[in-house]
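Fold and contact review
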Amino acid sequence: MTGSPGEPAEPAEPAYLRVPWSVLDDYHCFGCSPHNPRGLALRFTARDAGIATTFRLDRGHESYPGVVHGGIVSVICDETMGNLIVLRLGRTAFTTGMRLRYLEPLRVGVEYTCVARLRPTGGRGQAAPPDGAAGGAEGGVLQAEAEILDAAGALLATATASYLPTPIEVARERFALRPDEADRVVAALDAIASEAAAPAVSQADAAPRVVAHRTVAHQDVPHQPVPQPAAAPAAVTDHLREH
Amino acid sequence: MSTAQATTTHDEIVATVTGIVAQELGVPAESLAPDADLRSVEGADSVKVLRMIAKVEREYDVELEDEQVFAVNSIDGVATVVLDTLAQDAA
């Protein structure tokens with residue numbers, strides 16, 4: 001969009017990827033929902049074969065004075081890697097394990113970018129949990145990695161994680177969704193999966209290398225536990241994702 | 001990130017780690033001896049050393065234990081723990 005003559009043009013809106021949960025009126029994912037007042041409201045853009053999100057956190061996410069809480073850094077890495085699977089493969093998955101290396105503290109009020117990509121499976125290789133432990137896997141465990149970078153590109157944190165894809169029939173039972181809501185989410189996931197499977201150059205591959213911008217504006221909001229689906233089994237993971 | 005091969009040798013890892021250290025510290029690779037104390041290299045600090053370790057982990061697709069990371073103090077030491085970890089992962 002351009003402004004009036006003589007006025008500088010507004011920067012183009014980044015090409016945000018649409019999470020399938022956005023078909024629901026009030027989805028509350030702590031990481032990516034715009035409807036959760038205590039959440040991070042992250043938005044994602046394509047970044048090569050992966051995805052990226054840019055964020056700036058306020059004092060509501062502080063640990064030491066001026067330092068972003070390490071647990072929040074972990075959430076952002078997990079959220080970005082988890083949404084990578086959702087947005088690139090059209091599959092829902094639960095986190096089964098994650099490992100972080102904190103290189104340098106993140107500062108409150110400073111902009112950072114988290115970039116996630118899939119890792120080749122079979123490299124280090126992680127055995128899938130016993131069948132049934134998470135409702136049965138649709139394929140093997142997926143491996144992902146994430147990096148948090150500052151505006152100059154300096155590496156501040158790295159993460160690796162494994163994700164167990166969840167068949168949509170299982171997800172229907174475990175997510176707190178009405179049947180009609182589940183149908184809409186499934187349709188959105190199917191659309192993503194179809195695009196991912198298309199042989200032609202995908203829209204994601206052709207997307208500009210831009211990243212999302214989001215400022216969390218809920219000052220001094222105390223930490224709250226991440227909302228958990230009511231029917232979620234404890235056996236799946238102690239770091240249960242909504243997607 | 002490259003996938004480490006079973007045939008990776010200690011010398012090859014030393015060469016790769018030397019390149020990463022040189023890049024991170026902005027010094028010529030030729031100036032870095034394998035047995036030199038990493039934290040004594042000009043421009044080095046604990047954050048930069050950790051950053052080097054993170055890049056080495058990505059390069060070889062390994063996850064070093066913190067005890068290993070904080071115990072090593074040379075390029076040669078990093079190469080040794082990487083090789084050990086690769087061997088453990090392959091076992």
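Residues numbered from 1 in each chain as written. Chains lettered and ligands numbered in written order. Predicted model: local features only at pLDDT ≥ 70, side-chain atom pairs only at ≥ 80, totals over all residues. Heavy atoms only, no water.

A few points about unusual backbone geometry
Residue and element names in this part refer to chain A. Heads up, the condition is: By definition, any uninterrupted DSSP run of H or I lasting at least four residues is a helix, any uninterrupted run of E lasting at least two residues is a strand, and each is numbered from the N terminus. Residue exposure (1.4 Å probe, protein chains only): buried if accessible area is under 20% of the type maximum, exposed if over 50%, otherwise partly exposed.
Unlike most non-glycine residues, Ala41 shows phi in positive territory, near 55°. Among the structural elements, Ala41 can be located in the loop between β1 (16-17) and β2 (44-47). Take Ala41: its relative accessible area is 9%, and that puts it in the buried class. One non-glycine residue, Asp48, adopts positive backbone phi at about 55°. Relative to the assigned elements, Asp48 resides in the loop between β2 and β3 (50-56).

Side note on the confidence of the model for chain A
Detailed reading of the predicted model is not advised wherever pLDDT is low. Residue and element names in this part refer to chain A. Formally: As a per-residue quantity, pLDDT reports the predictor's confidence and falls between 0 and 100. By the convention used here, residues are in contact when the closest approach between their heavy atoms is within 4.5 Å.
Across chain A, the average pLDDT comes to 76, with 70% of residues at or above 70. When mean pLDDT is taken per element in chain A, β3 scores highest with 97 and helix α4 (residues 203-206) scores lowest with 40. pLDDT under 50 marks residues 123-138. Its contacts with residues more than four places away, or in other chains, come to 29 contacts. For the stretch residues 200-243, pLDDT sits under 50, and the model shows 106 contacts to residues farther than four places along the chain or on other chains.

A closer look at the nonpolar core
All names here are of chain A. Here is the rule we go by: By nonpolar core is meant a set of buried Ala, Val, Leu, Ile, Met, Phe, Trp, Tyr and Cys residues that side-chain atoms within 4.5 Å join together.
In this structure, Leu40, Phe55, Ile76, Met81, Leu106 and Ile148 are the most contacted members of the largest nonpolar core, which totals 46 residues. Counting only elements with at least two residues in this core, the list comes to β3, α1 (70-89), β4 (92-102), β5 (111-119), β6 (142-150), β7 (155-166) and α3 (179-197). Of all the elements, α1 adds the most residues to this core, at 10 residues. If we ignore the near neighbours within four places in the chain, the residues touching Leu106 are Phe55, Gly66, Val67, Val68, Val73, Tyr112, Ile148 and Leu156.

Quick word on the interface of chain B and chain A
What counts is decided by this rule: Two parts placed together each lose some accessible area under a 1.4 Å probe, and adding up what both lose gives the buried area. For this analysis, a salt bridge means a side-chain nitrogen from Lys or Arg found within 4 Å of a carboxyl oxygen belonging to Asp or Glu.
With 16 residues of chain B in contact, the opposing surface of chain A contributes 19 residues. Summing the contributions of chain B and of chain A, the shared interface buries around 1,500 Å²; its carbon and sulfur component is 43%. Among the residues of chain B in contact with chain A, Arg51, Arg58 and Glu63 of chain B are the three that bury the most area, contributing 43% of the side total. Linking Arg51 of chain B and Glu104 of chain A is a salt bridge whose minimum nitrogen-to-oxygen distance equals 2.7 Å. For the side of chain B that touches chain A, the elements supplying multiple residues, two or more each, are α2 (46-60) and α3 (66-71) of chain B.

Re the packing of aromatic side chains
Aromatic rings in a pair are described by how distant their centres are and how their planes are angled relative to each other. All names here are of chain A. For the record, the criterion: Stacked, edge-to-face and tilted are the three classes for Phe, Tyr and Trp ring pairs, Trp counted by its six-membered ring, which pair at centre distances within 6.5 Å; planes under 30 degrees apart are stacked, over 60 edge-to-face, the rest tilted.
Scanning all chains against the criterion turns up three aromatic pairs over all chains. Here Trp21 and Phe175 contribute two aromatic rings whose centre-to-centre distance is 5.8 Å and whose plane-to-plane angle is 75°, an arrangement assigned as edge-to-face. One end of the pair, Trp21, is in the loop between β1 and β2; the other, Phe175, is in the loop between α2 (168-174) and α3, with 154 residues separating them in the sequence. Between Phe94 and Phe175, the ring centres sit 6.3 Å apart and the planes meet at 65°, which makes this aromatic pair edge-to-face. Taken together, the residues Phe94 in strand β4 and Phe175 in the loop between α2 and α3 connect sequence positions 81 residues apart.

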